[in-house]
Amino acid sequence: MVKKKIPYKRLFIPLAEQIIAMNNDFPDFKPDWDKNVVTWTDDLQPTPLSKNYTVRIVYSLGMEQPV
């Protein structure tokens, strides 16, 4: 009997890959990388009549993301 091979599943995506992916999807967000934590910051304006909002996304390697 042949066992099916279970595909390798990474537990964490390396921070360098996270930064590249965010840069590809959201090039205006500027990353700040310090050890195992990366923070992206950008000013967003939802509509031309809206005020600007500063958005900050913080990711720490292995951290569960709150929703």
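These remarks concern the structure in this document. (Residues numbered from 1 in each chain as written. Predicted model: local features only at pLDDT ≥ 70, side-chain atom pairs only at ≥ 80, totals over all residues. Heavy atoms only, no water.)

Secondary structure assignment for the protein chain yields 1 helix and 3 strands. For the protein chain, the α and β elements follow one another from N to C terminus as α-β-β-β. Burial statistics for the protein chain: of 67 residues in total, 15% are counted as buried. Pairs at least 24 residues apart make up 17% of the contacts formed inside the protein chain by residues separated by at least 6 positions. Summing over all exposed atoms, the protein chain offers an accessible surface of approximately 6300 Å²; the carbon and sulfur share of this is 58%. (Helix = DSSP H or I, 4+ residues; strand = E, 2+ residues; numbered from the N terminus. Buried < 20%, exposed > 50% of the residue type's maximum accessible area, 1.4 Å probe, protein only. Contact = heavy atoms within 4.5 Å. Areas by Shrake-Rupley, 256 points an atom, 1.4 Å probe, with all protein chains shown as cover.)

The strands making up a sheet associate through backbone hydrogen bonding, with each pair oriented either parallel or antiparallel. If you walk across this open sheet you meet the 3 strands as S1-S2-S3, and the pairing is antiparallel. Sheet topology places strand S1 (30–34) and strand S3 (53–60) at the edges, where each strand pairs with a single neighbour. Averaged over all pairs of adjacent strands, the angle between their axes in this sheet comes to 20°, without regard to strand direction. Against the sheet, helix H1 (residues 15–25) engages S1, strand S2 (37–44) and S3, with an angle of about 15° to S2. (Pairing = 2+ DSSP bridges. Axes fitted to C-alpha atoms, helices over the stretch in contact; angles between N-to-C directions.)

Moving on to the nonpolar core. Counting residues in hydrophobic clusters, the biggest one holds 7 residues: Leu15, Ile19, Met22, Phe29, Val38, Trp40 and Tyr59. Among the secondary structure elements, those contributing two or more residues to this core are H1 and S2. Setting aside residues up to four positions removed in sequence, Trp40 forms contacts with Gln18, Ile19, Met22, Phe29, Lys30, Pro31, Val55, Arg56, Ile57 and Tyr59. (Core = buried A, V, L, I, M, F, W, Y, C linked by side-chain atoms within 4.5 Å.)

A few words now on the side chain of Gln18. In this structure, Gln18 sits in helix H1. Excluding anything up to four places from it in sequence, Gln18 contacts Ile13, Trp40 and Tyr59.

Here we take up the environment of Asn52. Counting through the fold element by element, Asn52 comes out in the loop between S2 and S3. Judged by relative accessible area, Asn52 falls into the exposed class, the value being 52%. Along the sequence, Asn52 and Asp42 sit 10 residues apart, while their C-alpha atoms lie 9.8 Å from each other.

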